[in-house]
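# Fold and geometry: a report
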Amino acid sequence: MQTRFVQLAMVLAVAIVAPLACAQDFVSRVNAMYADIPAAKRSDTILIPALAALDSPPASVRDLEPARLIVPEMQSWKDALDWAMKPAQRAALEALAKATAPQASPPPMVWGQGYGVAAVTPALVKSRLYTELGDPPLLAGAQFLYLSKLTELNILANIEATRLQAEGKVNEAIALMGRVLVLGRQIADRQFFREARWGLETMISSLERVRDIAYLDFRSKRLLTRDQILGFIKSLDDKGEVRVDRILFPKGDLVGAEQAVAIVMTPKGGVNERTFPTTMATLTSSEQPLRLFSEAAQWKSAGTGHADWYATNEEVKKLSDDYSKRWPLEWFHTLNSLPFERDKLDPTMFAVLSATVPQMSELFNLRQAVRTEIVGTRAALAIVGSFYARKTFPPKLSSIAPEWMERLDIDPFNPQLQNANRPPLEYFVPMRDQVVDAKSEPQPHEMTIIGDNGSNFSIMLKDDTAVIYSVGADNRKGWAKRVQNTVEKAPDVDYLIWPSELSLYRQHLSESGELK
């Protein structure tokens, strides 16, 4: 069976080698974007040797979510801690610190690894810490093998942050998650959708964890100092190393679509019947090679209704121009209210593009969430610092400026920010700031957290904490009665900043007996 598979794979490869010879420059175009990075500014060359030696995490924390929720009181903590303290993991944390260290002079550190086996050493190929493009190399079939090890590094950092906090080193725990934030920022600048998505999601999760650590400190020994809080708030300002406005839009997927068109279509003609089914099958089964031949049979019929070479190339340009025009725009720009060109794509007429260009509008949403997380984390830390200093919550959110930041940040989801307005995040202290009947006693604030997996739960908040929230994707103030940290539009749902949603979820799991 295996011999037959290899023989058939060779037949398919031979079928596309000839047209691919004239399309090799597409891979070079993407790799050229990394050609001028100074060796001293490459974070990948620092981290990859440590990633190669990284031991796999124990089963209890093999995914990121349990690694963020684990606490020393849990049964699985000993295994997680033993793993985190082994030499390979300690070396990986040291490499993370070095690869994300603030730079005295520009440019910042960059994950500068090229794409495909030709762009890396044989050792990286052997350790599977590179981007596989296949043979022959196809950008649209890229497999980002190194990302799974970066996820393990993120898991390790979360375990280490828990250890540090348990030992009273709260600032070190927050600083470590700040390094993960910078790593996410580096990967967010990569050239493919899946890389950028990983980077943005990592930025979001690391900022959530920073607030989680701060909330746990607020609820316990309150060890964070004024200078420590001010330092981290400063690191997140719009001139710092995680500047969201400088995140680039990835071009690799669109260049990959151009490459696919060059291979599967006859110049100035239609679909190349010899290369279309074989190439498209290779692309769509790149991570499941056993499906290669069933895919080829399906693609053989898909070429009959396809648009011609001219129309397909014009469609690639439309997709690229649409993303390029929108990316620099403000969230509430009129163009962003219109459907993306990718959403309007006819999957029959442009099957090759439907298969090679992902729904990259998701990156716009994730970037907006990152903006909200940064603004929210700065405000939350400022409120914590103000409370530690005065033993009471400030009367308004604006009271934190200019002591904790030069001026108050805006809520990225508030539509009033148009016309040069600067609406802040929403803020109140339960019971203290909620209007009640003069004859009635103030009541705790009931908040319902909408879980991503459908597991909703409610909590009651008293005046021993504050509430900070964004109006969220529905752009309406809802007093944080129902919260869900999403950029998808949902009616009457706010984006919770403080208390930390992660902390509240852990508390809920613990009280319900689900966290052991």
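Residues numbered from 1 in each chain as written. Predicted model: local features only at pLDDT ≥ 70, side-chain atom pairs only at ≥ 80, totals over all residues. Heavy atoms only, no water.

### Comments concerning the overall build of the protein
- Along its length, the protein carries 18 helices and eight strands.
- The C-alpha radius of gyration computed for the protein amounts to 25 Å, which stays within 12% of the reference 24 Å derived for 516 residues, consistent with globular compactness.
- Its C-alpha atoms give the protein principal-axis dimensions of about 80 × 55 × 50 Å.
- Buried residues in the protein amount to 52% of all 516 residues.
- A fraction of 71% describes how many contacts in the protein between residues 6 or more apart in sequence connect residues 24 or more apart.
- Approximately 23700 Å² of the protein is accessible, and the part contributed by carbon and sulfur atoms is 54%.
- Looking at charge distribution, the protein has the averaged site of its 59 positive side-chain charges lying 3 Å from that of its 62 negative ones. (Helix = DSSP H or I, 4+ residues; strand = E, 2+ residues; numbered from the N terminus. Rg over C-alpha atoms; globule rule 2.2 N^0.38 Å. Buried < 20%, exposed > 50% of the residue type's maximum accessible area, 1.4 Å probe, protein only. Contact = heavy atoms within 4.5 Å. Areas by Shrake-Rupley, 256 points an atom, 1.4 Å probe, with all protein chains shown as cover. Lys, Arg positive; Asp, Glu negative; His and termini not counted. Charge placed at Lys NZ, Arg CZ, Asp CG, Glu CD.)

### Some thoughts on the pattern of salt bridges
- All chains considered together, the criterion is met by 32 salt bridges.
- The partner of Arg209 in a salt bridge is Asp212, and the shortest N-O contact between them spans 2.9 Å. Within this pair, Arg209 and its partner Asp212 are both found in helix H10 (residues 193-218), separated by three residues, close to a single helical turn. Residue Arg209 shares its accessibility class with Asp212, and that shared class is buried.
- Several salt bridges share partner residues, and in doing so they unite Arg90, Glu160, Arg163, Glu167 and Lys169 into one network. (Salt bridge = Lys/Arg side-chain N within 4 Å of Asp/Glu carboxyl O.)

### A word on the sheet that holds strand S6 (residues 467-470)
- In space, the three strands of this open sheet follow the order S3-S6-S8, with antiparallel pairing throughout. A single partner strand is all that each edge strand has here, and the edge strands are strand S3 (426-428) and strand S8 (495-498). Neighbour-to-neighbour, the strand axes of this sheet turn through a mean angle of 25°, independent of strand direction.
- Bridge count for S3 against S6 is three bridges, and the pairing is antiparallel. For Tyr427, the partnering residue across the bridge sits in S6 and is Ile468.
- Across the sheet, helix H17 (residues 361-390) is in contact with S3, S6 and S8; its angle to S8 comes to roughly 30°. (Pairing = 2+ DSSP bridges. Axes fitted to C-alpha atoms, helices over the stretch in contact; angles between N-to-C directions.)

### Some remarks on the pairing of S6
- Alternating positions in S6 separate into two faces, Val467 and Tyr469 on one and Ile468 and Ser470 on the other, with burial throughout.
- Bridge count between S6 and S8: three bridges; the pairing is antiparallel. Paired with Ile468 across the two strands is Trp498, which belongs to S8.

### Topic: the packing of aromatic side chains
- Evaluation of the coordinates by the stated rule reveals 23 aromatic pairs.
- Through a chain of ring-to-ring contacts, three or more aromatic side chains come together here, namely Tyr215, Phe218, Phe387, Phe393 and Trp498.
- When the ring centre of Phe340 is taken as origin, the NZ or CZ atom of Arg326, which lies over that ring, is 4.0 Å away.
- Over the ring of Trp327 we find Arg367, and its NZ or CZ is 3.7 Å from the ring centre. (Phe/Tyr/Trp six-rings, centres within 6.5 Å; stacked < 30°, edge-to-face > 60°. Lys NZ or Arg CZ within 6 Å of the ring centre and 35° of its normal.)

### Description of the nonpolar core
- Judged by nonpolar contacts, the single largest core of 154 residues is most densely connected at Leu150, Leu153, Ile159, Leu353, Met447 and Trp498.
- When residues no more than four places from it in sequence are discounted, the contact partners of Met447 are Phe457, Ser458, Ile459, Leu461, Val467, Ala480, Lys481, Val483 and Leu496. (Core = buried A, V, L, I, M, F, W, Y, C linked by side-chain atoms within 4.5 Å.)

### Examining the packing of helix H5 (residues 77-84) against helix H8 (residues 147-166)
- Relative orientation of the contacting elements H5 and H8 amounts to 110°, with a least axis distance of 10 Å. By the angle class used here, H5 and H8 are roughly perpendicular. The chirality of how H5 crosses H8 is left-handed. Of the residues in H8, those in contact with Trp77, Ala80, Leu81, Trp83 and Ala84 of H5 are Glu152, Ile155, Leu156, Ile159, Thr162 and Arg163.
- When grouped by side-chain class, the residues that make up the contact of H5 with H8 number eight nonpolar, one polar and two charged. (Parallel < 35°, antiparallel > 145°, perpendicular 65-115°, else oblique. Left-handed = near helix turned anticlockwise from the far one by under 90°. Nonpolar A, V, L, I, M, F, W, Y, C, P; charged D, E, K, R; others polar.)

### So, the packing of helix H12 (residues 252-264) against helix H13 (residues 276-284)
- Running from N to C, H12 and H13 point in directions that differ by 150°, and their axes come no closer than 9 Å. On the basis of the axis angle, H12 is roughly antiparallel to H13. Crossing of H12 against H13: the hand is right-handed. Facing H12, whose interface residues are Ala260, Ile263 and Val264, H13 presents Phe276, Thr279, Met280 and Leu283.

### Considerations on the pairing of strand S5 (residues 457-461)
- Only one face of S5 is covered, namely the one carrying Phe457, Ile459 and Leu461; the face carrying Ser458 and Met460 has none of its residues buried.
- Where strand S4 (residues 445-449) lies against S5, five bridges are found, and the strand directions are antiparallel. Bridging across to S5, His445 finds its partner in Leu461.

### Let's talk about unusual backbone geometry
- In this chain, Asp135 is followed by Pro136 through a cis amide linkage whose omega measures 5°.
- Note that Pro136 resides in the loop between strand S1 (131-132) and strand S2 (143-144).
- For the bond from Trp498 to Pro499, the omega torsion is 0°, close enough to zero to count as cis.
- For Pro499, the position within the fold is in the loop between S8 and helix H18 (501-511).
- A positive phi angle is found at Lys391, which is not glycine, with a value near 65°.

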